[in-house]
Amino acid sequence: MRTARELSDPRATLRAGLPDRYLTPDDIAEIFEVPKETVYQWRKKRMGPPGFRIGKHLRYDPTDVLAHVAERKSTDQDAA
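So, here is what we can say about the structure in this document.

Reading the values: the criteria
Residues numbered from 1 in each chain as written. Predicted model: local features only at pLDDT ≥ 70, side-chain atom pairs only at ≥ 80, totals over all residues. Heavy atoms only, no water. Helix = DSSP H or I, 4+ residues; strand = E, 2+ residues; numbered from the N terminus. Buried < 20%, exposed > 50% of the residue type's maximum accessible area, 1.4 Å probe, protein only. Contact = heavy atoms within 4.5 Å. Areas by Shrake-Rupley, 256 points an atom, 1.4 Å probe, with all protein chains shown as cover. Phe/Tyr/Trp six-rings, centres within 6.5 Å; stacked < 30°, edge-to-face > 60°. Salt bridge = Lys/Arg side-chain N within 4 Å of Asp/Glu carboxyl O.

1. Digging into the overall build of the protein
And then number 1: Check the secondary structure of the protein and you find five helices and two strands.
And then number 2: Scanning the protein from its N terminus toward the C terminus, one meets helices and strands in the order α-α-α-α-β-β-α.
And then number 3: With 80 residues in all, the protein has 25% of them scored as buried.
And then number 4: Here the contacts in the protein between residues at least 6 apart in sequence split such that 35% fall between residues at least 24 apart.
And then number 5: Here the protein displays about 5900 Å² of accessible surface, and carbon together with sulfur accounts for 50% of that area.

Structure (structure tokens):
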């Protein structure tokens, strides 16, 4: 059973398994511990996890976020 803190912490949600909702830019900023503006810059430069729009709202699929992290880890290990 997860604690209330884990339920409100997107990083704990990703560690425990995929959440049953799409993530917001605020979630992404909290997960990666960066300012929300950085998330928007990543999107503009096509550097971060791929996002998509639902109407005017930007959302991220948790599977895409996990894939992005795995790709970054692989790239960093290959460079080392």
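Let us keep going from here.
2. Here we look at unusual backbone geometry
And then number 1: Positive phi, normally seen in glycine, also occurs at Glu33, with a value near 55°.
And then number 2: Along the chain, the position of Glu33 falls in the loop between helix H3 (25-32) and helix H4 (36-45).
And then number 3: Notably, Arg46 is not glycine yet its phi reads approximately 55°, a positive angle.
And then number 4: Position of Arg46 among the secondary structure elements: in the loop between H4 and strand S1 (51-54).
And then number 5: Taking the relative accessible area as the measure of exposure, Arg46 reaches 77% and is therefore exposed.

3. Description of the packing of aromatic side chains
And then number 1: Counted under the stated rule, the structure contains two aromatic pairs.
And then number 2: Residues Tyr22 and Phe52 carry aromatic rings whose centres are separated by 5.0 Å and whose planes lie at 85° to one another, so their mutual orientation is edge-to-face. With a gap of 30 residues between them, Tyr22 in the loop between helix H2 (10-16) and H3 and Phe52 in strand S1 connect regions that are remote in the sequence.
And then number 3: Centroid distance Phe32 to Trp42: 5.7 Å. Interplanar angle 80°. Geometry classified as edge-to-face. Highlighted residues: Phe32 in helix H3 and Trp42 in helix H4, separated in sequence by ten residues.

4. Some thoughts on the pattern of salt bridges
And then number 1: Evaluated as defined, the whole model comprises two salt bridges.
And then number 2: The closest approach of N and O atoms between Arg21 and Asp27, which form a salt bridge, is 2.7 Å.
And then number 3: Assessed through its relative accessible area of 42%, Arg21 is described here as partly exposed.
And then number 4: Here Asp27 falls in the buried class, since its relative accessible area comes to 11%.
And then number 5: Asp26 is the salt-bridge partner of Lys36, the closest N and O atoms lying 3.2 Å from each other. Placement of the pair is Lys36 in helix H4 and Asp26 in helix H3, with a sequence separation of ten residues.
And then number 6: Overall, Lys36 belongs to the partly exposed group, its relative accessible area being 36%.

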